[in-house]
Structure formats: C-alpha cells, structure tokens
Amino acid sequence: MSNKKAALELGTKPVSQLLAQYALPAIVAMVAMSLYNVVDSIFIGQGVGPLAIAGLAITFPFMNLSAAFGAGIGVGASTLLSVKLGQRDYDIANRILGNNVMLNIIVGIIFAGISLLWLDDILLFFGASEATLPYARDYMVIILLGNAVTHLHLGLNAMLRSAGKPREAMYLTIATVILNAFLDPIFIYVLGLGIRGAAFATILSQIAALVCQWWLFSKKDELVHLEYSKVHLEAPIVKSIFSIGISPFAMNACACLVVIFINNSLMKYGGDMAVGAFGIANRFAFIFVMVTLGVCQGMQPITGYNFGAQNYNRMLEALKLASISGTVVCAVGFMIAMFCPRFVASMFTSDETLIAHSIVAMKYIMALFIIIGAQMVITNFFQSIGSAKVSIFLSLSRQLLFLVPLILILPLSRGLEGVWLAMPVSDAIAAVMAYAMIAIYIHRIKKERKF
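Residues numbered from 1 in each chain as written. Predicted model: local features only at pLDDT ≥ 70, side-chain atom pairs only at ≥ 80, totals over all residues. Heavy atoms only, no water.

(A) How the structure looks around the nonpolar core. Formed by 99 residues in total, the largest nonpolar core has its most connected members in Leu 123, Leu 266, Phe 278 and Phe 381. Element by element, the count of residues in this core is highest for helix 12 (residues 272-308), at 17 residues. The residues contacting Leu 123, other than those within four sequence positions of it, are Ile 58, Phe 62, Ala 128, Leu 133, Ala 136, Arg 137 and Met 140. (Core = buried A, V, L, I, M, F, W, Y, C linked by side-chain atoms within 4.5 Å. Buried < 20%, exposed > 50% of the residue type's maximum accessible area, 1.4 Å probe, protein only. Helix = DSSP H or I, 4+ residues; strand = E, 2+ residues; numbered from the N terminus. Contact = heavy atoms within 4.5 Å.)

(B) Quick look at the packing of aromatic side chains. Summed over all chains, the structure comprises nine aromatic pairs. Ring centres of Phe 284 and Phe 288 lie 5.2 Å apart, and the angle between their planes is 75°; on these two criteria the pair is classed as edge-to-face. You can see Phe 284 and its partner Phe 288 sitting in helix 12, four residues apart, about one turn around the helix. An angle of 65° between the planes, with centres 5.6 Å apart, marks the rings of Phe 381 and Phe 382 as edge-to-face. Using a relative accessible area of 2% as the deciding quantity, one classes Phe 382 as buried. Through successive ring pairs, a cluster of aromatic residues spans Phe 381, Phe 382 and Tyr 441. (Phe/Tyr/Trp six-rings, centres within 6.5 Å; stacked < 30°, edge-to-face > 60°.)

(C) Spotlight on the packing of helix 13 (residues 312-339) against helix 18 (residues 416-449). Where helix 13 meets helix 18, the closest approach of the two axes is 12 Å, and the angle between their N-to-C directions is 165°. One element, helix 13, and the other, helix 18, form an angle in the roughly antiparallel class. The two elements helix 13 and helix 18 cross, and the hand of that crossing is left-handed. Residues Tyr 312, Met 315, Leu 316 and Leu 319 of helix 13 form the contact with helix 18, whose own contacting residues are Ile 438, Tyr 441, Ile 442, Ile 445, Lys 446 and Arg 449. Looking at the contact of helix 13 with helix 18 residue by residue, the class counts come to eight nonpolar, no polar and two charged. (Axes fitted to C-alpha atoms, helices over the stretch in contact; angles between N-to-C directions. Parallel < 35°, antiparallel > 145°, perpendicular 65-115°, else oblique. Left-handed = near helix turned anticlockwise from the far one by under 90°. Nonpolar A, V, L, I, M, F, W, Y, C, P; charged D, E, K, R; others polar.)

(D) The arrangement of a nonpolar patch on the surface in detail. Side chains of Ile 106, Ile 110, Ile 114, Leu 117, Trp 118 and Leu 233 sit close together on the surface and give an oily, nonpolar patch of about 590 Å² of accessible area. Secondary-structure assignment places Ile 114 in helix 5 (residues 90-117). Classification of Ile 114 as partly exposed rests on a relative accessible area of 46%. (Patch = residues over 30% accessible without salt bridge, like charges linked within 9 Å, V, L, I, M, F, W, Y side chains within 5 Å. Areas by Shrake-Rupley, 256 points an atom, 1.4 Å probe, with all protein chains shown as cover. Salt bridge = Lys/Arg side-chain N within 4 Å of Asp/Glu carboxyl O.)

(E) Molecular detail of the pattern of salt bridges. Here the structure, examined in full by the defined rule, presents three salt bridges. Between Arg 137 and Asp 120 there is a salt bridge, with its nearest N and O atoms 2.8 Å apart. On the criterion of sequence distance, the pair formed by Arg 137 in helix 7 (residues 133-145) and Asp 120 in helix 6 (residues 119-125) is long-range, its members being 17 residues apart. Residue classification places Arg 137 among the partly exposed residues on the basis of a relative accessible area of 27%. For Glu 417, the salt bridge is made with Arg 414, and the minimal N-O distance between the two is 3.2 Å. Judged by its relative accessible area of 31%, Glu 417 is partly exposed.

Right, dumping it as structure tokens:
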C-alpha cells in the first residue's frame, strides 16, 4: 500500500477496521519489544544469578531516561507526521523524517557520552549496592555504546507506523526479538560474557533492524522517504517536534526519577532481593503496558489525522475503542498477577527468597492495574492531537504529584509494604484525574464544534 493511499484511508475507512489495522501490528511489535527485555531478564536470572537480576533492575532508570529522549523525538516527529499527512503537506512530511534522523543521532551520542563519563556515580545514585554495581555497569557500558542505534531504530519504527506501514514496523520488531533471543544464549553461555552478552545481543539485533528500516525509507517512489538533502535540523520543525514530544519525554523522565526513589527505598527497607523483585514484577507488568502502548500507537495516526482533518466523530470513536481495548489488556495482566504470581516469578529465577519477594511485588504493583489501560490511552490521546500541556499534566500527576510523595511518606509507618502500597494508590488517583480531563475535553469540543 502506498503512503498516500494509507494516509487517505485514515479519514475514510471504518474506525474499528483502522484501529485493528494499525493497533494489531503495533501491539505485536510492542509485545515483541517487551519480550526481548523479558528474555534478557530470564537468561540473566537463570544463567547469571539473582544479584544480576537486581543489577539489571538498577539499570531501569537509565533505560527510562534514555527512552525519554528517544520517545520525545520519535513520538513528537511521528505525531507531527500524521497531522501533516492529514493536511496533505507531503514536503514537510519528508523534512520531518530528516529532522527525526538527525535529532536521534545527535541526542543518542550526547546522552551516551555524558553517561559513560560518570557511569558508576550515576548507578550508585540509582540504587546500586557494592554487590550489584558490577552487573549494572557491565550491562550499561555496552548499551550506552550503542545508544544512538537504539534511538534511531525506535524513532524510525515510529515513523514507519505514521507513514502507513504498521506491518513493516511490526515485522522488523519481531525480527529484532527473534535475533536477540537467538544471540542471548550464544553470548551469555557459549562465549561466557554473562550480563554483557545480553547487552551485545540487544545492540546487534537493533543494528540489523536499523539497516532494514533505512532501506525501506530510501525508496524514492514512496510518499514519505529519506532525502539526504533534508537530513538536517530545521528550527521550526525541531521546535514542533519538541513541543509535542515534551509529554512522552516528561513521562519517561519522571519514570526514571520514580524508579530511582523506588530502588533506593527498596534497598533501605528490603535490600538487594527487594530490588530484584521489583525488577521481575516490573518486567512482567511491562508486557501489558507495552501492549496498551501498542493500542495507543495504533490510535495515534487515526486521531492525529482526523484531528487535522477536523473529523471529530472519527477521532472520538478511535479514543473510545482504544480505551476499551486498553482496559481489557490490563485486566488480563491483573488476573495473572493475582492468581499465578509464583509461576511468573519462577520463570526468572529459582531462588526462593527472590520468588517470595516477587510474588508480593506483583500483587501490590498490579493491584489496580485494571484501571490503568484507559488512563494510558487518554494520556496518549491528548499527546496525539498535540495537546502537550494536558498530556504532560496527566503524565506528571501519577508520578511526581502522587507516587513520589507516597513513596517517601508511606514507608515511614509501613516499611517495605509502604513502598509497594504507594504504587496502586497513585494509580487510583491518576486514573480518576484522567477520566475527569477527558470528560471535560469531550464536552467542550462537542459544544464548540456542534457535532
């Protein structure tokens, strides 16, 4: 399907079919992406040991911070691309692609360089102990050396989806996961590289995917394609990308801050095993979060295009269907966490102490997971139509306004349980706020646009 035909269908094809067409490939891609994080954790936990799992958990803030920059560029550029395709401004669309490429390369290199200079100090600040620091350092050195590749790979995948090629984005992500799963045991066990082997496998699989993405965008007969004369920074486009991308950047940056607080609190009240348990529970929850984000990514080009084309009924229909889908996904995660936590934990480790901690972590972290799906969709909806301020507020409310204070306060009276309890309480408050904000928006737009 050509880019032009795919773009035009966003305004004419039934919304339910469009959401399936765009969301299913994105869901498969996001599941695949989360699975290769899970696969890494399983190989590391079973092959290197429980302390390595704790060391890997310490890297979560680093990964979130790196993802914050990547998401800020990738989501900002892909959202802007969807709107410009809806407005049929194809020259600007190609210039957005060129700016996306250059921004990811520059930011990826700068972030890696600064991080490597103070790596040990950063990891200690993130909650590493003397026992887990070597594992976290070995993993992050390799990941940071390939950081520009990671940024560019994720950024171009987002552009593929917005350019009307969700299946290609899905296939490439699946291929990346399969290659990573194939390389993991070779590097970890056969070559004896331990946790570093998992990092090597991740970067090499992303390089392979990036080569394919570059080839796809190099086809001159496509509506959206790479023109090397346009691979440079343009201040107005960069400003627009950042104005939209500030919301996902803030969300991921806050996630980094929150995980730092969580890791340090867990170290204080529960030690390395509590940190490792959070790593396992977080990896499991991450699967369902990524599926829901796949729904959001499928919704994004539909809502962005129809917002740009002023087809508000179609835009709101996409929001409704995506919210229902996200709720169903998170409900599945909730059921598994409540009724099969030991089975999940035992996939990552055979250490009984770590398994016991992980069961508790899963039950608390996912206690109100069933209400999170729609909250994530609503936040991403505001982002997809360019309402950066609302999206930022909803992103920050759960993490900065509620979760961080609760993590600081509740453990004072409830110890380790207080750290776990802070998460579902903040989920409940943030969900109520998101539901209120979307109700206000829908009422206002219906009144103003009279439809």
